[in-house]
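In case you want the letters, here they are:
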Amino acid sequence: MSIPVRLRGLRPSWPSPKVLRTEVLAGLVVALALIPEAISFSIIAGVDPAIGLFASFTMAVTIAVVGGRPAMISAATGAVALVIAPLNRQHGFGYLVAAVILAGVFQIVLGALGVGKLMRFIPRSVMVGFVNSLAVLVFMAQVPELRNVPWAVYPLLAAGLALLVLFPRITKAVPAPLVSIAILTVITVAAGIAVPTVGDKGALPSALPVPGLPDVPFTLATLTTVAPYAFAMALVGLMESLMTAKLVDEITDTASSKTRESIGQGVANIVTGFFGGMGGCAMIGQTMINVKVSGARTRLSTFLAGVFLMVLCIVFGPVVSEIPMAALVAVMIMVCFATFDWHSVAPGTLRRMPAGEITVMVVTVACVVATHNLAVGVVAGSVTAMVIFARRVARLADVTAVTDPDGSQVVYAVSGQLFFASSNEIVGRFDYAGDPDRIVIDLSAAHVWDASSVAALDAIEHRYAQRGKTVEITGLNGPSAHLHRKLSGELATAD
């Protein structure tokens, strides 16, 4: 018997062999790239390297199930490490774990309140600045790996870059990063070349993490100590995760649930905290390796990245430790090149782009590079964009006056958007002393947005009243009339 049409959609959609191969290989490449990154972030946070690796494992596996953006990689990150490092130094590792768990709770609450919907207020110029600054930061993070190193690192790096560029022209069946890492590792081991390796970054874990409660007193004092760090971590993690999700949406031309992603990040951090990890969020560098370089599109690659990470550390630890850092640096440099929006800085684009858009992009990049904090750059860029937008819209507000032939009244036609940036300027556009006794203010071509605008209209009426003149306001649309009736006369009048 044939399956009813209405039941066919209930059958699981299994990936084809081609897709499955892509997802598996992508997960393996990401896992290899995660190891040195997680160890580095552990050092930033002041914890044992195993803590960062455990966090990357639990974050990736959990977010693959509960997250909203397929193929996005979440793990231990530098942004989170910077936030919680002071707490670990001052109060100890138990407080750090408690902060990770509380941060997860905050993220679930913020997600349920709809914080993900705020992403629509992030301008495109901020998004471009975010992407470009990320590429710059990832590149800067590779520079220390190329300083004060044996000369053999440089030809290995060049060979790795050549493989990453040329191998995809031969075949894309196997990710070029995986081929590059394997070949360079074989060369260095077989030839006995002494160069920095993954093992030099720190010892890899030899067993799976064990769940447990944070070693802190469960008191109000502990809560007040942990809460500020947890809330900061929640905000930074959500901002970086949602920005990364939006970027992947554009790359893959698919939509994702930002609310589910926010809540999923919270769940992943809670799980990570109970397993003694340092917490984390979306990693845009590894996500670009997964999505843009390796071509992954499903949650399977994210899940396998976490699983492979632990397998590589526990089962193949000695082999992974021999991977030359030059191979991973080459991969990350290619990620930087692919991530950077070169079109945004092309001379032709810069000539056509409005100065305000360029300013917002530059401010975003400058703040991120200066602070090494993506959240700071996004906030600074968004605020700059709002100020520029407010100034631009404020200039659109205009006032024109027409006096009746008999001189009995004057009609002021006000057009544009009236809000705090434009309403104060129009107060000075009226001739209070020279106008006749009757004044009509026609707002049919305007919209009143806020209390500042109502206060400005009250100030205009007050100035005319002081001179014994009457004012009639006409043409208000429905929302503007409602706001004016509600607030007029209730606000302090300023001359």
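Our subject is the structure listed above.
Residues numbered from 1 in each chain as written. Predicted model: local features only at pLDDT ≥ 70, side-chain atom pairs only at ≥ 80, totals over all residues. Heavy atoms only, no water.

1. Thoughts on the environment of Y95
Logical step 1: Positionally, Y95 belongs in helix α5 (residues 93-112).
Logical step 2: Non-local contacts of Y95, meaning those with residues more than four positions away in its chain, are made with L87, V216, P217, T222, T225 and V226. (Helix = DSSP H or I, 4+ residues; strand = E, 2+ residues; numbered from the N terminus. Contact = heavy atoms within 4.5 Å.)

2. A word on the sheet that holds strand β5 (residues 438-448)
Logical step 1: Within the open sheet, the 4 strands sit side by side as β3-β4-β5-β6. Their pairing is mixed. Every other strand in the sheet has two partners, leaving β3 (398-403) and β6 (470-474) as the edge strands with one partner each. Looking at each pair of strands side by side, their axes are set apart by 20° on average, direction ignored.
Logical step 2: Direction of pairing for β3 relative to strand β4 (residues 409-418): antiparallel, over a ladder of 6 bridges. Directly across from A401, in β4, lies its bridge partner Y412.
Logical step 3: The sheet contacts of helix α19 (residues 451-466) involve β4, β5 and β6, and relative to β5 the element is tilted by about 175°. (Pairing = 2+ DSSP bridges. Axes fitted to C-alpha atoms, helices over the stretch in contact; angles between N-to-C directions.)

3. A short note on the packing of aromatic side chains
Logical step 1: Scanning the model with the defined rule gives 8 aromatic pairs in all.
Logical step 2: Seen from their ring centres, F337 and W342 are 5.4 Å apart, and the 45° between their planes marks the pair as tilted.
Logical step 3: The exposed category is assigned to F337, whose relative accessible area is 53%.
Logical step 4: With centroids separated by 6.2 Å and ring planes inclined at 35°, the aromatic side chains of F430 and Y432 adopt a geometry described as tilted. The exposure classification of F430 matches that of Y432, with both residues buried.
Logical step 5: A connected cluster of aromatic rings, assembled from ring pairs, spans Y412, F430, Y432 and Y464. (Phe/Tyr/Trp six-rings, centres within 6.5 Å; stacked < 30°, edge-to-face > 60°. Buried < 20%, exposed > 50% of the residue type's maximum accessible area, 1.4 Å probe, protein only.)

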